[in-house]
Protein chains: 2
Amino acid sequence: MKYTAHINIMPLKELLDPQGKAVTNSLHNLGLTQVQGARVGKHVTLAIEAADQAAAEQATTEACKKLLANQVMEAFTFTVTEG
Amino acid sequence: MKYTAHINIMPLKELLDPQGKAVTNSLHNLGLTQVQGARVGKHVTLAIEAADQAAAEQATTEACKKLLANQVMEAFTFTVTEG
């Protein structure tokens, strides 16, 4: 079965996010003053061939822990959908 | 009212994604051969102060078009939630 994992990897809330700060300032300069804060992370989609949903979720967790996310500075969340 | 916009900015499907290719290869090297493909983009969250949901969505669209996404190479999708 084919599954698609949608992963969000974001800097931890406790940490400064200079890229997000830069985005906020740039949006203010563009006149979008209603934006009060921004945080910037990564979005990764994986195409996974797995026996079932649980196996696909396990592969996704492993990919995040081993490669995609630096757990000292980042937190990941994901959803796995069929197809 | 406070709203949070969750924005995904991904390389267009028609375009090569060298970073995604590198992730796929690295995952294979780590033994995760069930991963058949990966695409890497950005995830941005914005904290927005707006009168209503429609105004928050409009500010988000403007932020994406003016700053966050390069529409020649990237497509953006977002959801806006209260709080």
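Here, every reference points to the structure presented above.
Everything numeric in this text was worked out from a predicted model, so none of it was measured. (Residues numbered from 1 in each chain as written. Chains lettered and ligands numbered in written order. Predicted model: local features only at pLDDT ≥ 70, side-chain atom pairs only at ≥ 80, totals over all residues. Heavy atoms only, no water.)

J.: Looking at this structure, how should I read the pairing of strand β1 (residues 2–11) of chain B?
T.: Consecutive side chains along a regular strand alternate between the two faces of the sheet. Residue and element names in this part refer to chain B. Across the 10 residues that make up β1, a large majority, seven, are buried. Examined bridge by bridge, β1 and strand β2 (residues 35–49) share eight bridges and lie antiparallel to one another. From the neighbouring strand, threonine 4 faces β2, where its bridge partner is alanine 47. As defined by bridge partners, β1 adjoins strand β3 (residues 74–82) across nine bridges and the pair is classed as antiparallel. Following the sheet pairing, isoleucine 9 is matched in β3 by phenylalanine 76. (Buried < 20%, exposed > 50% of the residue type's maximum accessible area, 1.4 Å probe, protein only. Helix = DSSP H or I, 4+ residues; strand = E, 2+ residues; numbered from the N terminus. Pairing = 2+ DSSP bridges.)

J.: Where do I start with the packing of aromatic side chains in this structure?
T.: All names here are of chain A. For the structure shown, the criterion picks out two aromatic pairs over all chains. When the centroid spacing of 6.4 Å and the interplanar angle of 15° are considered together, the rings of phenylalanine 76 and phenylalanine 78 count as stacked. Of the residues examined, phenylalanine 76 reaches a relative accessible area of 19% and is grouped as buried. The class for phenylalanine 78 is partly exposed, based on a relative accessible area of 25%. (Phe/Tyr/Trp six-rings, centres within 6.5 Å; stacked < 30°, edge-to-face > 60°.)

J.: Even after reading the chapter, I still don't get the packing of helix α1 (residues 18–29) of chain A against helix α2 (residues 53–68) of chain B, so can you show me in this structure?
T.: Two quantities define a packed helix pair, namely the angle between the helix axes and the distance between the axes. The geometry of α1(A) relative to α2(B) is characterised by a closest axis approach of 11 Å and an angle of 100° between their N-to-C directions. As judged from the angle between their axes, α1(A) and α2(B) are roughly perpendicular. Of the residues in α2(B), those in contact with A:Val23, A:Ser26 and A:Leu27 of α1(A) are B:Ala63, B:Leu67 and B:Leu68. (Axes fitted to C-alpha atoms, helices over the stretch in contact; angles between N-to-C directions. Parallel < 35°, antiparallel > 145°, perpendicular 65-115°, else oblique. Contact = heavy atoms within 4.5 Å.)

J.: Quick question: what am I supposed to make of the sheet that holds β3(B) here?
T.: Note: strands within a sheet are paired through backbone hydrogen bonds, in either parallel or antiparallel orientation. If you trace the six strands from one edge of the open sheet to the other, you get β3(A)-β1(A)-β2(A)-β2(B)-β1(B)-β3(B), paired in antiparallel fashion. Two strands bound the open sheet, and with one partner strand each, they are β3 (74–82) of chain A together with β3 of chain B. For this sheet, the mean angle separating the axes of adjacent strands, direction not counted, is 25°. Along the sheet, helix α2 (residues 53–68) of chain A makes contact with β1 (2–11), β2 (35–49) and β3 of chain A, crossing β3(A) at roughly 155°.

J.: Please clarify how the interface of chain B and chain A should be interpreted in this entry.
T.: Interfaces are often sized by the amount of accessible area the parts lose when they come together. Listed per partner, the contact involves 30 residues of chain B and 30 residues of chain A. Taken together, the two surfaces of chain B and chain A that pack against each other cover about 2,600 Å², and 65% of this comes from carbon and sulfur. Taken together, chain B and chain A are joined by zero salt bridges. Across the chain B-chain A interface, the total number found is 14 residue pairs in polar contact (both at pLDDT 80 or more). Sorting the residues of the side of chain B that touches chain A by element identifies β1, α1 (18–29), β2 and α2 of chain B as the ones contributing at least two each. (Buried area = accessible area lost by both parts, 1.4 Å probe. Salt bridge = Lys/Arg side-chain N within 4 Å of Asp/Glu carboxyl O. Polar contact = N/O pair within 3.5 Å; in protein donor to acceptor, adjacent residues only side chain to side chain.)

J.: I tried to follow the side chain of A:Asp17 on my own but got confused; where do I start?
T.: Residues and elements named next belong to chain A. Note that aspartate 17 resides in the loop between β1 and α1. Within the buried set, aspartate 17 has no salt-bridge partner at all; the shortest N-O distance to an opposite charge, 4.6 Å, is to arginine 39. In this structure aspartate 17 touches Pro11, Ala38, Arg39 and Val40, once residues within four positions along its chain are discounted. (Lys, Arg positive; Asp, Glu negative; His and termini not counted.)

Taken by themselves, the reported measurements are silent on function.
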